[in-house]
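# Summary of the model geometry
Each chain, written out:
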Amino acid sequence: MAVKKLPIAKAINESLRRALDTDPKVLVMGEDVGKLGGVFRVTDGLQKDFGEDRVIDTPLAESGIVGTAIGLALRGYRPVVEIQFDGFVFPAYDQIVTQLAKMHARALGKVKVPVVIRIPYGGGIGAVEHHSESPESLFAHVAGLKVVTPSNSSDAYWMLQQAIQSDDPVIYFEPKRRYWDKGEVNTDAIPDPLHKAHTVREGTDATLVAYGPMVKTCLEAAAAAAEEGKSLEVVDLRTISPLDFDTVQASVEKTGRLIVVHEAPTFFGSGAEIAARITERCFYHLEAPVLRVGGFHAPYPPARVEEDYLPGLDRVLDAVDRSLAY
Amino acid sequence: MTVESTAARTPRRASSGGKRASASAKKTASPGKGAAKGKGAAQGGEPELVQLLTPEGERVENSEYDRYVADLTPEDLRVLYRDMVLTRRFDAEAVTLQRQGELGLWPSLLGQEAAQVGSGRATRADDYVFPTYREHGVAWCKGVDPTLLLGMFRGVNNGGWDPNTNGFQLYTIVIGSQTLHATGYAMGVAKDGADSAVVAYFGDGATSQGDVAEAFTFSAVYNAPVVFFCQNNQWAISEPTEKQSRVPLYQRAQGYGFPGVRVDGNDVIACLAVTKWALERARGGEGPALIEAFTYRMGAHTTSDDPTRYRRDEEREAWEAKDPILRLRTYLEAQGHADEGFFAELEAESETLGKRVRDVVRTMPDPEPMSIFENIYADGHALVDEERAQFAAYQASFADAPVNAATGGEVK
């Protein structure tokens, strides 16, 4: 059994390496992904080993990157494109929403566009404007796209394998502030289905649902709560579209309380969708309204105050207290 | 209709070696005055362009491009004529059907038949075309059943054909998006080492879009075998070309490092020749080229448009004198390449096509409501499954309601 301890960034690198090695139709494309190895070095060494035809440094044009990836996919390739930062995806948003998401339907299923778009997202790294955003809800709202986000090294490795093998376009959000967190990756494992949520901590008093960078925060909150005698269950959603409501429902039916945690603004965010659906499904099991902890309806703030904007341990625990007070 | 090029070099400028438009043609008003004022304008205000057949139906020599049409037989010319006539007839039927309420919208190609048929016939079966939404004539040349084009305008689908059957991608509504898809596809062609090329169609308005600029950049950087075929029909809905560019559009290519050529877009022979040139150099590894087909949209942008609000009748009348079909007919008749029997037979074929189009459109079935949930994802999606099941149950609730056999209404 090949088990390695890898940081998330390296797990993604290994996953890309495996995909490039396994399927000659897989391409890696993006700004600086070649010689530099990406601004986070996620693609480090890939061009050296697979050549400039497979690991392609592109012009600095996000719409061009996604638009040409669509054309390559129509030709039978499986491009994995990198958008340098979350806030830079918007020049490509038109191509993703009006073209990539709809081509399969437009052709009555006759064509497939298996493009993976990797986007480092979220805050907490002290970056400047446009480098710390969480636009996942904008993509989840669009039919035709799938949206996933790993929170640990094993998922980073395997979910990318599954995204590349999918015949659908997949937006693969990478929690950039967790890039250097290490975890075990079993490269011989048989992974769970791509769109299955994981219960990563058992509990009985309330359920915390999170994904990507907030999973670690919620696990820390659950550990802190345990010291106060509160038993919190933590569900790592892993996938935002489709969203595994069954796993969330099962947890809420057990605990009776739900707090959804994400970095993105709560208004019209994925937490709102989860709250609405779980209220429909679990109305008679809920002991308290579903609460949300997330970003404010404000532009992502300057780095010096981002810790006030981002949900941290205290804000999560405050929500837990409010839920338990009902 | 294939031409083996023996060209040792490729023309770099629209004017290289070519005869200008005939003197009589120069007397007509210059509709592209904005472009004509640019560097590419010939003396007298007429924009310089590659022309092999004058508006009067006279064949003129061109040392650079004649070689690409040197083997055209009278039969080939009749094929081009037939393509244009039947395309125009199909288009006219669609306009009429829209007026009758059978189609929700129609973008007419009236006036652009030569640009589309000339370039379309230049492609080989293994060349791949990425159209915008007005390329009915190109679709015809690629062998797409024209009635398939009507589905999205009737509202029964959003595309509805298999692009791989004829190498003709689905229509693209968002302006200029497809130029990037064409470029990416061409990058794939090059990676595959395939001996084929790609043509991206777009209009003069699209040249203002960032995606077109990015397509130019990517195609040049990766030397992609793609031909950018811009039909400059002078108007982007109500905005003239002057609102898109301060220089003739074909000159944009220079800044990206590949050749640009302006061709008489109402001259089917010139469009055929210039596109063959561009395709051959693309296939030969010389990269992209931009063709600006200088033409005119005789009708409205779409059937929702009202061109009387923004353009003068005189302008259209001046372009009517340059009609692409009439000039080829004049040439065919003058050369004795077609007799009355040919034209009569073609008219009958047009009638048959028109009837078929009418019949197909009027009997086109509405899609089943449950088809809303089809083909959204190749690998499936839990939310789609859930909503499909909910909607099916909702529909079934009506089907289960007891119905009065005599009245069709609910039993009270």
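All of these numbers come straight from a predicted model, not from anything done at the bench.

Looking only at helices and strands, chain A features 12 helices and 14 strands. Taking 2.2 N^0.38 as the reference for a compact globule, 326 residues should give roughly 20 Å; the C-alpha atoms of chain A span a radius of gyration of 19 Å, in line with that estimate. Here chain A, with 326 residues, has 62% of them falling under the buried criterion. Taking as baseline every contact in chain A between residues at least 6 positions apart, the subset at least 24 positions apart corresponds to 81%. Total accessible area on chain A is roughly 12,400 Å²; 53% of this is exposed by carbon and sulfur atoms.

With that settled, the discussion passes to the interface of chain B and chain A. On the side of chain A, 46 residues touch chain B, which itself brings 43 residues to the contact. Taken together, the two surfaces of chain B and chain A that pack against each other cover about 3,400 Å², and 57% of this comes from carbon and sulfur. Across the chain B-chain A interface, the total number found is five salt bridges. Residues D192 of chain B and K25 of chain A are paired through a salt bridge, measuring 3.6 Å at the closest nitrogen-oxygen approach. Where chain B meets chain A, there are 23 residue pairs in polar contact (both at pLDDT 80 or more). At the level of secondary structure, the elements contributing two or more residues to the side of chain B that touches chain A comprise α7 (163–166), α8 (177–192), α9 (210–221) and α15 (382–399) of chain B. If you tally residues by element for the side of chain B that touches chain A, the top one is α8 of chain B, at 11 residues. Classifying every residue of the side of chain B that touches chain A by side-chain character gives 19 nonpolar, 16 polar and eight charged.

Counting 147 residues, the largest nonpolar core has I96, I117 and I274 of chain A together with L328 of chain B as its most contacted members. The element that contributes the greatest number of residues to this core is helix α11 (residues 268–283) of chain B, accounting for 11 residues. Counting residues in hydrophobic clusters, the runner-up holds 32 residues, among them L6, F40, V42 and A163 of chain A.

Here the focus is the side chain of S119 of chain B. Residue and element names in this part refer to chain B. Along the chain, S119 falls in helix α4 (residues 113–122). A distance of 2.6 Å separates the side chain of S119 from the backbone oxygen of A115, its partner in a polar contact. Here the side chain of S119 touches Y201 through a polar contact of 2.7 Å, side chain to side chain. Among all residues touching S119, those that are not within four sequence positions of it are A114, Y201, F229, C271 and T275.

This next bit is on the sheet that holds strand β3 (residues 55–57) of chain A. All names here are of chain A. Read from one edge of the open sheet, seven strands run β3-β2-β4-β5-β7-β6-β12, paired in mixed fashion. Two strands in the sheet have a free side with no partner beyond their single neighbour: β3 and β12 (239–241). In this sheet, adjacent strand axes meet at a mean angle of 20° when their direction is disregarded. Pairing of strand β4 (residues 78–82) with strand β5 (residues 116–121), which is carried by three bridges, proceeds in the parallel orientation. If you follow V80 over to β5, its bridge partner there is V116.

All names here are of chain B. Looking at the secondary structure, you find Q112 in the loop between α3 (74–99) and α4. Among the polar contacts listed, one links the side chain of Q112 to the side chain of N233, at a separation of 2.9 Å. The residues contacting Q112, other than those within four sequence positions of it, are R134, Q231, N233, T295, Y296 and R297.

Turning our eyes to something else, we now look at the pattern of salt bridges. In a structure, side chains of opposite charge can pair up when their charged atoms sit close to one another. All names here are of chain A. Under the counting rule described, the total for this entry stands at 50 salt bridges over all chains. R177 is paired through a salt bridge with E263; the nearest N and O atoms lie 2.7 Å apart. Of this pair, R177 sits in the loop between β7 (170–175) and β8 (182–186) while E263 is found in strand β13 (residues 258–265), placing the two residues 86 residues apart along the sequence. E263 carries the same exposure label as R177, and that label is buried.

Another point: α3 of chain B. The end-to-end C-alpha distance of α3 of chain B is 38 Å, a good match for the 38 Å that 26 residues give at a rise of 1.5 Å each. Positive backbone phi, at 85°, marks G101 of chain B, one or two positions downstream of α3 of chain B.

Here the structure, examined in full by the defined rule, presents zero disulfides over all chains. Looking at C282 of chain A, it has no disulfide partner, and the nearest cysteine sulfur is the one in C218 of chain A, 18 Å off. With no disulfide of its own, C230 of chain B lies closest to C271 of chain B among cysteine sulfurs, the gap being 12 Å. For C230 of chain B, a relative accessible area of 1% translates into the label buried.

Our next topic: the confidence of the model for chain B. Looking at chain B, pLDDT values average 88 and 85% of them are 70 or higher. Here the prediction assigns the complex a pTM of 0.92, and the interface score ipTM is 0.96.

Moving on: unusual backbone geometry. Along the chain, S241 of chain A connects to P242 of chain A via a cis peptide bond; the corresponding omega equals 0°. Positionally, P242 of chain A belongs in the loop between β12 and α9 (245–255). At F268 of chain A, a residue that is not glycine, the phi angle is positive and equals roughly 60°. Looking at the element boundaries, F268 of chain A is found in the loop between β13 and α10 (270–282). For F268 of chain A, a relative accessible area of 68% puts it in the exposed group. Within the chain, I237 of chain B stands out as a residue other than glycine whose phi angle is a positive 50°. The topology assignment puts I237 of chain B in the loop between β4 (235–236) and β5 (239–240).

Residue and element names in this part refer to chain A. Among the five residues in strand β14 (residues 291–295), four count as buried, and that is most of the element. Of the pairings in the sheet, the one linking β13 to β14 comprises four bridges and is parallel in character. Paired with P265 across the two strands is G295, which belongs to β14. A crossover links β13 with its parallel partner β14, the connecting element being α10, and its sense is right-handed.

Let us now look at the packing of α3 of chain B against helix α14 (residues 340–362) of chain B. Residues and elements named next belong to chain B. Axis separation between α3 and α14 bottoms out at 9 Å; the angle between their running directions is 35°. By crossing handedness, the relation of α3 to α14 is classed as right-handed. Among the residues making up the contact of α3 with α14, the classes are represented as 11 nonpolar, two polar and nine charged.

This part covers the pairing of β5 of chain A. Residues and elements named next belong to chain A. Among the six residues of β5, six are classified as buried, and the element is accordingly described as predominantly covered. Alternating positions in β5 separate into two faces, V116, R118 and P120 on one and I117, I119 and Y121 on the other, with burial throughout. In this structure, β5 lies alongside β7, joined through six bridges in parallel fashion. Within β7, the position partnered with P120 by the bridge is E174.

Parameters at a glance
Residues numbered from 1 in each chain as written. Chains lettered and ligands numbered in written order. Predicted model: local features only at pLDDT ≥ 70, side-chain atom pairs only at ≥ 80, totals over all residues. Heavy atoms only, no water. Helix = DSSP H or I, 4+ residues; strand = E, 2+ residues; numbered from the N terminus. Rg over C-alpha atoms; globule rule 2.2 N^0.38 Å. Buried < 20%, exposed > 50% of the residue type's maximum accessible area, 1.4 Å probe, protein only. Contact = heavy atoms within 4.5 Å. Areas by Shrake-Rupley, 256 points an atom, 1.4 Å probe, with all protein chains shown as cover. Buried area = accessible area lost by both parts, 1.4 Å probe. Salt bridge = Lys/Arg side-chain N within 4 Å of Asp/Glu carboxyl O. Polar contact = N/O pair within 3.5 Å; in protein donor to acceptor, adjacent residues only side chain to side chain. Nonpolar A, V, L, I, M, F, W, Y, C, P; charged D, E, K, R; others polar. Core = buried A, V, L, I, M, F, W, Y, C linked by side-chain atoms within 4.5 Å. Pairing = 2+ DSSP bridges. Axes fitted to C-alpha atoms, helices over the stretch in contact; angles between N-to-C directions. Expected span 1.5 Å × (residues − 1). Disulfide = S-S within 2.5 Å. pLDDT = per-residue confidence, 0-100. Right-handed = clockwise from strand over helix to strand, strands pointing away. Left-handed = near helix turned anticlockwise from the far one by under 90°.

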